[in-house]
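# Descriptive analysis of the structure
Below are the chains, spelled out letter by letter.
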Amino acid sequence: MDYGPAPESTKEAQAWLDQHGRRFGLFIDNAWTEGAETFASNNPADGSELAQVTQATSDDVNRAVEAARRAQPGWVAMGGHGRAKVMYSIARLLQKHSRLFAVLETLDNGKTIRETRDADLPLAARHFYHHAGWAQLQSEEFADYRAVGVVGQIVPWNFPVLMLAWKIAPALAAGNTIVFKPAEYTSLTALLFAEICQQAGVPAGVVNIVTGDGRVGEAIVNHPGIDKLAFTGSTEVGRIIRKATAGSGKKLSLELGGKSPFIVFDDADLDAAVEGLVDSIWFNQGQVCCAGSRLLVQESVYDRFIAKVKVRMQNLRVGSPLDKSNDIGALVDPVQQQRIHGLVEAARAEGCEIWQPSCEAPVAGSWYLPTLITGASTSAAVAQTEIFGPVLVAMSFRTPGEAVQLANNTVYGLAACVWSESISLALDVAPQIKAGVVWINTANQFDAACGFGGYKESGFGREGGKEGMYEYLTPLSEDARPSAPIVAEKGKVKASDAGSPFAVDRTAKLYIGGKQARPDGAYSRAINGANGAFLADVGEGNRKDIRNAVEAAHKAAGWSKATAHNRAQVLYYIAENLAIRAEEFAARLAAMTGVRDPQREVAASIERLFYWAAWCDKYDGAAHQPPMHGITVALNEPVGVIGVICPNENPLLGFISLVAPALALGNRVVAVPSEAYPLSATDLYQVLDTSDLPGGALNIVTGSADELARTLATHGDIDAVWRHDGSAEGCAEVERLSSETLKRTWVGGGKGRDWFDAKQACGRTVLQHASQVKNVWIPYGV
Ligand code: NAI
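Rules used throughout
- Residues numbered from 1 in each chain as written.
- Predicted model: local features only at pLDDT ≥ 70, side-chain atom pairs only at ≥ 80, totals over all residues.
- Heavy atoms only, no water.
- UniProt positions renumbered as here; feature names shortened; annotations may be inferred.
- Helix = DSSP H or I, 4+ residues; strand = E, 2+ residues; numbered from the N terminus.
- Rg over C-alpha atoms; globule rule 2.2 N^0.38 Å.
- Buried < 20%, exposed > 50% of the residue type's maximum accessible area, 1.4 Å probe, protein only.
- Contact = heavy atoms within 4.5 Å.
- Pairing = 2+ DSSP bridges.
- Axes fitted to C-alpha atoms, helices over the stretch in contact; angles between N-to-C directions.
- Domains from an automatic or database assignment.
- Buried area = accessible area lost by both parts, 1.4 Å probe.
- Salt bridge = Lys/Arg side-chain N within 4 Å of Asp/Glu carboxyl O.
- Patch = residues over 30% accessible without salt bridge, like charges linked within 9 Å, V, L, I, M, F, W, Y side chains within 5 Å.
- Areas by Shrake-Rupley, 256 points an atom, 1.4 Å probe, with all protein chains shown as cover.
- Lys, Arg positive; Asp, Glu negative; His and termini not counted.
- Charge placed at Lys NZ, Arg CZ, Asp CG, Glu CD.
- Polar contact = N/O pair within 3.5 Å; in protein donor to acceptor, adjacent residues only side chain to side chain.
- Near = heavy atom within 4 Å.
- Nonpolar A, V, L, I, M, F, W, Y, C, P; charged D, E, K, R; others polar.
- Core = buried A, V, L, I, M, F, W, Y, C linked by side-chain atoms within 4.5 Å.
- Right-handed = clockwise from strand over helix to strand, strands pointing away.

- Taking an unreviewed UniProt entry as the reference, the protein is identified by name as Aldehyde dehydrogenase family protein belonging to Massilia litorea.
- According to its UniProt record, the protein has this under Sequence similarities (unreviewed entry): "Belongs to the aldehyde dehydrogenase family."

## Some points on the overall build of the protein
- When you go through the protein residue by residue, the secondary structure sums to 29 helices and 33 strands.
- Since a compact globule built from 782 residues should have a radius of gyration of about 28 Å, the 28 Å found for the protein is in line with a globular shape.
- In terms of overall dimensions, the protein has a C-alpha envelope of 95 × 65 × 45 Å along the principal axes.
- Burial statistics for the protein: of 782 residues in total, 61% are counted as buried.

## A look at the UniProt feature "active site" (unreviewed entry) in the protein
- In the numbering adopted here, UniProt assigns the feature "active site" (unreviewed entry) to Glu255.
- Within the fold, Glu255 resides in strand β11 (residues 251-255).
- According to the relative accessible area criterion, Glu255 is buried, its value standing at 3%.
- Ignoring anything within four residues of it in the chain, the contact list for Glu255 reads Phe231, Thr232, Gly233, Cys289, Leu414, Phe452, Ser458 and Glu463.

## With respect to the UniProt feature "domain: Aldehyde dehydrogenase" (unreviewed entry) in the protein
- Mapped onto this numbering, the UniProt entry annotates "domain: Aldehyde dehydrogenase" (unreviewed entry) at residues 32-473 and 525-747.
- As annotated, residues 32-473 has a helix share of 45% and a strand share of 17%, and its two end C-alpha atoms lie 29 Å apart.
- Annotation note: span residues 525-747, helix share 48%, strand share 19%, distance between end C-alpha atoms 26 Å.

## A short note on the sheet that holds strand β16 (residues 391-397)
- Spatially, the 10 strands line up as an open sheet ordered β14-β15-β16-β13-β12-β17-β18-β33-β27-β26, and their pairing is mixed. Edge positions in the sheet fall to β14 (353-355) and β26 (622-624), since each has one partner strand and no second. Looking at each pair of strands side by side, their axes are set apart by 20 degrees on average, direction ignored.
- Across three bridges, strand β12 (residues 261-264) lies against strand β17 (residues 415-419) in parallel orientation. Looking at the pairing, Val264 lines up with Trp419 of β17.
- The sheet strands contacting helix α10 (residues 270-282) are β12, β13 (294-298), β15 (371-374), β16 and β17, and the helix crosses β12 at an angle near 175 degrees.
- Packing of helix α11 (residues 299-314) onto the sheet brings it into contact with β12, β13, β14, β15 and β16, and relative to β13 it is tilted by some 135 degrees.

## Remarks on the domain arrangement of the protein
- Per the domain assignment, the segments making up the protein are domain 1 (28-232), domain 2 (261-448) and domain 3 (510-521 + 537-620 + 633-774).
- One C-alpha centre belongs to domain 1, the other to domain 2; they are set 31 Å apart.
- Each side of the interface is counted separately: domain 1 has 27 residues, and domain 2 has 30 residues.
- Regarding the contact of domain 1 and domain 2, the summed buried area is about 2300 Å², with carbon and sulfur atoms giving 63% of it.
- Counting the surface domain 1 buries against domain 2, the share from its top three residues, Arg114, Trp157 and Tyr185, is 22%.
- Inspection of the domain 1/domain 2 interface yields two salt bridges.

## Focus: the sheet that holds strand β5 (residues 49-54)
- If you walk across this open sheet you meet the three strands as β1-β5-β4, and the pairing is mixed. One side of each edge strand has no neighbouring strand; the edge strands of this open sheet are β1 (23-24) and β4 (38-42).
- Alignment of β1 against β5, held across two bridges, turns out to be parallel. Each bridged residue has a counterpart across the sheet, and for Arg23 the counterpart in β5 is Gln52.

## Observations concerning a negative patch on the surface
- A surface patch of negative charge is lined by Asp266, Asp267, Asp269 and Glu421.
- For Asp266, the location among the structural elements is in the loop between β12 and α10.
- Of the residues examined, Asp266 reaches a relative accessible area of 38% and is grouped as partly exposed.

## Re the environment of Ala761
- Mapped onto the secondary structure, Ala761 falls in helix α28 (residues 758-761).
- In this structure the C-alpha to C-alpha distance between Ala761 and Gln516, which are 245 residues apart in sequence, comes to 29 Å.
- Leave out the neighbours within four places in its chain, and Ala761 touches Arg608, Trp612, Trp755 and Val766.

## Regarding the side chain of Thr116
- Within the element layout of this structure, Thr116 appears in helix α5 (residues 113-141).
- Within the local environment of Thr116, its side chain forms a polar contact with the backbone oxygen of Ala102, the two atoms lying 3.3 Å apart.
- Separated by 3.1 Å, the side chain of Thr116 and the backbone oxygen of Ile113 make a polar contact.

## Remarks on the site of the ligand
- Near the ligand there are 26 residues, and of these Val155, Trp157, Lys181, Glu184 and Ser234 occur at the shortest range.
- Calculation on the ligand without its partners gives an accessible area of 800 Å², and the protein chains cover 88% of this total.
- The biggest single contributor to the shell around the ligand is helix α8 (residues 214-222), with four residues.
- Taken together, the residues of the shell around the ligand sort by class into 12 nonpolar, eight polar and six charged.
- Both domains that furnish three or more residues to the shell around the ligand are identified here as domain 1 (28-232) and domain 2 (261-448).

## Overview of the nonpolar core
- Of all hydrophobic cores here, the largest spans 116 residues; its most connected members are Phe128, Leu172, Phe193, Trp282, Leu295 and Phe305.
- When residues of this core are assigned to domains, at least three fall in each of domain 1 (28-232) and domain 2 (261-448).
- The residues contacting Phe305, other than those within four sequence positions of it, are Val264, Leu270, Ala273, Val274, Leu277, Leu295 and Val297.
- Membership of the second largest hydrophobic core comes to 64 residues, among which are Ala591, Ala604, Ala671 and Leu688.

## Points about unusual backbone geometry
- With a phi close to 60 degrees, Phe388 is a non-glycine residue in the positive phi region.
- Here Phe388 is to be found in the loop between α13 (381-384) and β16.
- The phi dihedral of Asn441 is positive, around 55 degrees, even though this residue is not glycine.
- Along the chain, the position of Asn441 falls in the loop between β18 (437-440) and β19 (459-460).

## Some words on the pairing of β12
- Of the two faces of β12, both are covered, the one formed by Pro261 and Ile263 as well as the one formed by Phe262 and Val264.
- Taken together, the four bridges between β12 and β13 define a ladder with parallel strand orientation. Bridged to Val264 within β13 is Val297.
- Of the crossover connections in this fold, the one passing from β12 over α10 to the parallel β13 is right-handed.

Set out below in structure tokens:
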């Protein structure tokens, strides 16, 4: 028996398009503009034109930003409850009109009605409900934060209305106003959403929707009136945006591409895993950033599993996306079809085996049959490039260790699936995979309460959950930061104070892998005291020294696995050993900087070490209960290896304030101490040696801050760079150069920070920079 056709009616959607004369302007300040230049939005399933949509100009973007700016204070003044009510209305209206949205989305995008109806729309509504809740609780849960201001949001075409909800809901909840740009292929549901905003009573200017291609995106990115950018799309454009915003002070979150592994162990329920695989790679024709596009199967069950996959592929129904019994719809545009075709044919030419089921795709429109590629090497383009289509590349592995190694053999780190009936094995593997989401015995699960986002070149920042809210908030302490670095009050330094306890060895080396090391270039730089007298030489670190330090940091991976209790003990121990030598350090500070009350800085540094030691075993993750039978565990994981450029002000306290939280959360650090006053850091070597800190966990390279920062920012094996020395240009450069490998950055810009002030130097913001959240989904039940 075969399925009969079960087409969904398009009557209402067509009527809605007709009602607008099939021509749409922009939605700015609660009014529709007459679009001058327009382009066609087509139905990719048959190539027919649905409507003409406006290509916004930079003037349009200006007007949208101005409207958003004007509206922002009023939106904040409505208070959490006021905003929650509006957002609740949006959620209700999305539900009420969900069928119209689903059909319009299917027409415009080509994805199946089953997906738009059962996944995209319910999830979009859930996002507004969930975030109405955060608006309601804002004054309690985010009391020390304010809205960022005007946010620019740019989304792709694969989940048009769902991505809109992911972006707009948290931004509104936090009190921001929005300039939103849908992808040029799929603008229609965003335009329908504008009408929902009007009906829900969203005040004028709070949500502005401008349509058009990448040029409109660029205008938003470069607009000086935008305070934060949130982007989902290709890694290539993500990089461009990182570069374009470097040094602008704009907050940024990027959700980029992926090449996610789908790992099947030999003890997995193979039939369930096959179904999971269908959801993972053939959901939305594989046009999913977190698609499980790399199948890794344990060797002993590989042949059996591949045979099952082929049988299942043969049963996938390809055809009209409006037919409720079809599994595979159309690709968004012929451009994507050509792109996929090119990648698959290149793999064929390289000798890979290409397998497709024996069905036929419709002739008109843009289609691609479900495809399985075997025999590809791990470095082949199809194994490394995001194909963004219904194409699966399969490989085998022998041991769990090899599975992890293959899974991590990618520049991306968005998601992973692990299939095993052994929870012990699955939970052992999950933390070893460098990805923001791990699904155990399930795939492509999303919920508004659970953060989503990537590691490595899959971007940074999270969407959903509490961590997603922070992306749209600014700590109040940021506003308190002085506009220039603080200059300590100077006293008079006697010549005899200068360097007196240090007269014996006057050349400080570098500190790499737990040992003092001579600088590679064999050069040193003289450090003079506040009274002009020579104090000591320090090593002039160069590119090679940084490389050695990074290598040592990678070897010290054990620090990231040490227990939180153990890390706390080490930090307490450093504090204790520093306290023993407090007088010496105070004298050094006085000699170097001429600060009047050096004891105060030493005491504050000891306290700061205690502070971060205290946090080690208290920055726990969360256990979410999304609407499924199971739990989602949000783990706060270390970022990895962090390069830290420390401030000149308060050279000891500034150094400790940045290095200690990074270490506390299990990161390994390559620190460049104050360029002007590095000796309090080099004096720490002996303190570190006697404090049980494993070699390589903290490496210290002295020298030129600019030069060493450049090397850190361009290094391929560093996960994040922090720069807080008050150099606006230097910070901009770090952001710009980090775009190549999309490192996380935390820079202070040209502003100062009062390192004594706990509000500016401590707290959750620092913890968030020192960690990244991994959500592990664990369904259970029999
Ligand atoms: P894209 O990254 O070019 O487009 C995404 C959005 O960014 C669109 O709204 C586009 O108009 C806008 N945009 C383009 N250039 C921009 C610029 N310079 N500044 C600001 N905004 C800009 O993605 P595209 O070309 O549609 O797809 C190409 C490939 O990217 C796909 O084959 C896929 O591999 C990947 N991709 C990944 C997505 C993900 O969710 N990870 C989503 C879409 C595409």
